[in-house]
Amino acid sequence: MASLTVQPLLTLLTSTPVITLLIIIALLYTIDTLFLSPPYPKAIALINEPPSARRFSLKTRYKFYTDNVALHQEAWNSYLKLGKPVVLPTLGYSAEVVLPPGWMKWVHSLPEHVVSVAEAFVQFDKIFYSMGDEKYIRDQYQGLLVKRFDLEVMGRDIWEEMGDCFSRWVDRGEVDERGWKEVDVAETVRGIVAQMTARFTVGLDLCRNEEYLRLTCDMSDAFVVTAAVGMAVPPILQPVACRLAALPLRVKTRRFLNMLEPVYKKRVEQLKDDAKPSPQDSSGQQQRDSNRRPYDHLQLMLEFAQRNRPDEFESINDMGRRLAISNFGGIHQTAIHLGVMVLDLLGSDAEFNTISSLRDEFKRVMYSDGDPDKWTKSKLASLVKADSLGRESMRLNQFGGRALFRKVVADGGLKCPGDHVDHVVLPKGTMFSFLSKMPQTDEQTYPDALKLDPFRFSRMREAAAAEGIEKGAAAPPVSFVSLSLDHLPFAHGKHACPGRFIVDFELKMLFCYLLRNYDIEWPSEYEGRRPPNVYVAEACFPPKGARMRIRRREVPAF
Ligand code: HEM
């Protein structure tokens, strides 16, 4: 019986086309390793390998996929905490240098022509294959415009959207005789995040169009697939492999551009119209009705392009692709993290009384000015418990285990600092990063580090505030949006994520709407326990298919 199944496989493997293909791959791999990929300096050790090793064994490669946390732990304890860099395996046959945390400030001080974040993301995202042009990352004005958002205006719009989000993604479908239903947490939150994102990127023009929302989610997945294939295969094979992997994204991009086109055209016409010399009123003032313009990300991009990139302004292909890249930035990690946060909200230990504490806080803060539907930056800052849960959830469940991806672009390479590896030079082309999950779960910094303690950070802030009254001490930088060397979900330094201020609104609004209008609980078969996250190599996801029971309250909780 066995020989019956093995025989056809042997025949296939020994056939001329397969042998030829294997020889070509081996040849390309050798050319790539010897001549194209940057060599790693001998002074930097490979994790899990003997000191003399210059390539990873299959055992270490296997461990990367099945127990990457252990590899990161070893790298942290045996090298990085001691101030030594180390090489870690990544997807496929690739590997990357990881630097010790003490070097981060030095990296921040390096100019872009020595170490580049843009070039790292060009390589990482394989943007040429997914979007057809690397300029969208090298000149990523769409991303930098995020820093100019008027957060209170955007926050107002997102809150206005919340009712529709919940009726669309939560309320639809059957409930049992007591009004309960079960929802898939990750999928539901993803729908809500896609809609919130669409509200501040394209506004009411498209944000309630479900086909558009599903397309933006599917495109986010397709971006990841193209990037992952690109990382997994040697550079020499990327032109073929990435083009094939990006085919579904290209088809979806075409549909996306078609859906966007009427909105784009309308807005471009309006902006051109506004740019014409306008009639003067009786006081001699020019009449320009900028109030009729929408206020969202697409609009900011178009206004910027009209002034600074006139060729792109006229091109739906450019403006649409830039919007697609922004959507990816806005949706992908936000959906994953907010999904995990909802699981943590329900899954935190009973001792914290999380749901009821948050309801009390929302009631106190949101009604403080008599208008519970008005969101201001000051109310947002006062929601310290919700803030703390958000930060704690990201501390423990960060999507990727590494942060601050950079590429050495200086011709002579990059000479490293440090006692242990004096004279080590990272050659031009080397990609490097820092571990993030490990410093975030180090017992020396966070007592009981692996426990989800939702109010860990709000207690610190409350204690500092109480002490500050006496001593004038500054508040510790532990809010959801604060950056620190031992909390890196949004990275650190001048390229740290500018979208975190929006995520701050989104997470508090999501919790507030959910807890005000719904009761939630685990399905009985979970026996009160949160299903654990799932690791796929380096990435941490909410458990696929994890559900919660949810019931709309007859009377809001606050
Ligand atoms: C939980 C959700 C999010 C996480 C975990 C996250 C994380 C990150 C990280 C780690 C970086 C890289 C910084 C570096 O390497 O130095 C980054 C960059 C960036 N993020 Fe986010 N992000 C999130 C949501 C968003 C949202 C919602 C937006 C936009 C609306 C956004 C826009 C950006 C932009 C434009 C950059 C590039 C910044 C630069 O290069 O200067 N992100 N983000």
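Residues numbered from 1 in each chain as written. Predicted model: local features only at pLDDT ≥ 70, side-chain atom pairs only at ≥ 80, totals over all residues. Heavy atoms only, no water.

- The chain has the name Cytochrome P450 in an unreviewed UniProt entry, where Rhypophila decipiens is given as its organism.
- In its Cofactor (unreviewed entry) section, the UniProt entry covering the chain states "heme". (UniProt positions renumbered as here; feature names shortened; annotations may be inferred.)

### As for the site of the ligand
Thought 1: Close to the ligand lie 21 residues, the nearest being Gln140, Gln333, Arg406, His495 and Cys497.
Thought 2: Between the ligand and Gln140, the relevant distance is 3.2 Å, taken from an oxygen atom to a side-chain nitrogen or oxygen of the residue.
Thought 3: Contact distances for the ligand include 3.0 Å between an oxygen atom and a side-chain N or O atom of Arg406.
Thought 4: Take the shell around the ligand: its biggest share by element is five residues, from helix H17 (residues 316-347).
Thought 5: Each residue belonging to the shell around the ligand can be placed in one class, and the counts come to eleven nonpolar, nine polar and one charged. (Near = heavy atom within 4 Å. Polar contact = N/O pair within 3.5 Å; in protein donor to acceptor, adjacent residues only side chain to side chain. Helix = DSSP H or I, 4+ residues; strand = E, 2+ residues; numbered from the N terminus. Nonpolar A, V, L, I, M, F, W, Y, C, P; charged D, E, K, R; others polar.)

### A short note on the nonpolar core
What tends to happen in soluble globular proteins is that the nonpolar side chains get buried as a cluster.
Thought 1: Membership of the largest hydrophobic core comes to 102 residues, with the highest contact counts inside it found for Phe362, Trp375 and Phe511.
Thought 2: A per-element tally of this core places H17 first, with 14 residues.
Thought 3: Look past the residues within four positions of Phe362 in its chain and what remains in contact with it is Tyr367, Trp375, Leu383, Ala386, Lys508, Phe511, Cys512, Leu515 and Phe558.
Thought 4: Within the second largest apolar cluster, 38 residues are counted, among which are Ile44, Phe56, Val98 and Met104. (Core = buried A, V, L, I, M, F, W, Y, C linked by side-chain atoms within 4.5 Å. Buried < 20%, exposed > 50% of the residue type's maximum accessible area, 1.4 Å probe, protein only. Contact = heavy atoms within 4.5 Å.)

### So, the sheet that holds strand E1 (residues 45-46)
Thought 1: If you walk across this open sheet you meet the six strands as E1-E2-E3-E9-E6-E4, and the pairing is mixed. Looking at which strands have only one partner, the edges of the open sheet turn out to be E1 and strand E4 (115-116).
Thought 2: Here strand E6 (residues 402-408) runs beside strand E9 (residues 431-435); their pairing, made up of four bridges, is antiparallel. The residue bridging Arg402 from the neighbouring strand is Leu435, located in E9. (Pairing = 2+ DSSP bridges.)

### Observations regarding helix H13 (residues 238-245)
Thought 1: For H13, the full list of buried residues reads Gln238, Ala241, Cys242 and Ala245. One side of H13 carries all its buried residues, which in axial view fall inside an arc of 90 degrees. Turned more than 90 degrees away from the buried face of H13 sit Val240 and Leu244, all of them exposed.
Thought 2: Against the buried residues of H13 lie helix H7 (127-131), helix H12 (210-232) and helix H14 (247-275). (Arc of directions from axis to C-beta.)

### Focus: the pairing of strand E2 (residues 86-89)
Every regular strand shows the same layout, with side chains that alternate between the two sheet faces.
Thought 1: Taking every second residue as pointing to the same face, both faces of E2 are buried, with Val86 and Leu88 on one and Val87 and Pro89 on the other.
Thought 2: Connecting E2 to the next strand, strand E3 (residues 95-99), in antiparallel fashion are five residues, including Gly92 with a positive phi near 65 degrees.

### Remarks on the packing of aromatic side chains
Thought 1: With the rule as written, the count across this model stands at 18 aromatic pairs.
Thought 2: Both rings, one in Phe399 and one in Phe541, keep their centres 5.4 Å apart while their planes meet at 80 degrees; by these two values the pair is edge-to-face. Remark: Phe541 occurs in strand E12 (residues 539-541) and Phe399 occurs in the loop between helix H20 (384-396) and E6; sequence separation between them is 142 residues.
Thought 3: For Phe399, a relative accessible area of 14% corresponds to the buried category.
Thought 4: In textbook terms, an aromatic cluster arises when at least three aromatic residues are bridged by ring pairs, as seen for Trp159, Phe166, Trp375, Tyr513 and Tyr518.
Thought 5: The ring of Phe455 carries Lys385 above its face, with NZ or CZ at 5.8 Å from the centroid.
Thought 6: Here Arg395 stacks its cationic end above the ring of Tyr446, 4.8 Å away from the centre of that ring. (Phe/Tyr/Trp six-rings, centres within 6.5 Å; stacked < 30°, edge-to-face > 60°. Lys NZ or Arg CZ within 6 Å of the ring centre and 35° of its normal.)

### Examining the environment of Met548
Thought 1: Mapped onto the secondary structure, Met548 falls in strand E13 (residues 547-552).
Thought 2: Leaving out residues up to four positions away in the same chain, Met548 has contacts with Lys181, Glu182, Val183, Val185, Val342, Leu346, Leu514, Ile520, Glu521 and Pro523.

### Points about the UniProt feature "binding site: heme" (unreviewed entry) in the chain
Thought 1: Taken from the UniProt record, the annotation "binding site: heme" (unreviewed entry) applies to Cys497.
Thought 2: With respect to the helices and strands, the residue Cys497 is situated in the loop between helix H22 (456-471) and helix H23 (500-517).
Thought 3: For Cys497, a relative accessible area of 28% gives the class partly exposed.

### Concerning the packing of helix H18 (residues 354-366) against H23
In a packed pair of helices, the relevant descriptors are the angle between the two axes and the axis-to-axis distance.
Thought 1: Closest axis-to-axis distance for the H18/H23 pair is 10 Å, and the angle between their directions is 105 degrees. In terms of orientation, H18 and H23 fall into the roughly perpendicular class. Of the residues in H23, those touching H18 at Ile355, Leu358, Arg359, Phe362 and Met366 are Lys508, Phe511, Cys512 and Leu515.
Thought 2: Taken together, the residues of the contact of H18 with H23 sort by class into seven nonpolar, no polar and two charged. (Axes fitted to C-alpha atoms, helices over the stretch in contact; angles between N-to-C directions. Parallel < 35°, antiparallel > 145°, perpendicular 65-115°, else oblique.)

### Things to note about helix H15 (residues 297-308)
Thought 1: Over its twelve residues, H15 extends 16 Å from the first C-alpha to the last, a length consistent with the 16 Å expected when each residue adds 1.5 Å.
Thought 2: Judged by how many residues are buried, H15 sits mostly within the fold: nine of twelve residues are covered.
Thought 3: Here H15 has its buried residues at His297, Leu298, Gln299, Leu300, Met301, Leu302, Glu303, Phe304 and Ala305.
Thought 4: Where the residues of H15 are buried, they touch helix H9 (141-144), helix H10 (151-171), helix H11 (185-201), H14, helix H16 (310-313) and H17.
Thought 5: At the N-terminal end of H15, a side-chain oxygen is found 3.4 Å from the backbone nitrogen of Leu298, two or three residues along, and the residue is Asp296. (Expected span 1.5 Å × (residues − 1).)

### Describing the pattern of salt bridges
Thought 1: Applying the stated criterion across every chain, the model contains 50 salt bridges.
Thought 2: We note a salt bridge from Glu96 to Arg402, for which the minimum N-O separation is 2.6 Å. Taken together, the positions of Glu96 in strand E3 and Arg402 in strand E6 put the pair 306 residues apart, joining distant regions of the chain. Take Glu96 and Arg402: they sit in the same class, and that class is buried.
Thought 3: Between Arg456 and Glu392 there is a salt bridge, and its shortest N-O distance comes to 3.1 Å. With Arg456 in helix H22 and Glu392 in helix H20, this residue pair connects regions lying 64 residues apart in the sequence. (Salt bridge = Lys/Arg side-chain N within 4 Å of Asp/Glu carboxyl O.)

### Digging into the pairing of E3
Thought 1: Of all five residues in E3, five are buried, a share of seventy percent or more.
Thought 2: Every second residue of E3 is oriented toward a common face, with Ala95, Val97 and Leu99 on one face and Glu96 and Val98 on the other, all of them buried.
Thought 3: Examined bridge by bridge, E2 and E3 share four bridges and lie antiparallel to one another. Each bridged residue has a counterpart across the sheet, and for Pro89 the counterpart in E3 is Ala95.
Thought 4: Direction of pairing for E3 relative to E9: parallel, over a ladder of three bridges. Residue pairing in the sheet places Val97 in a bridge with Phe432 of E9.

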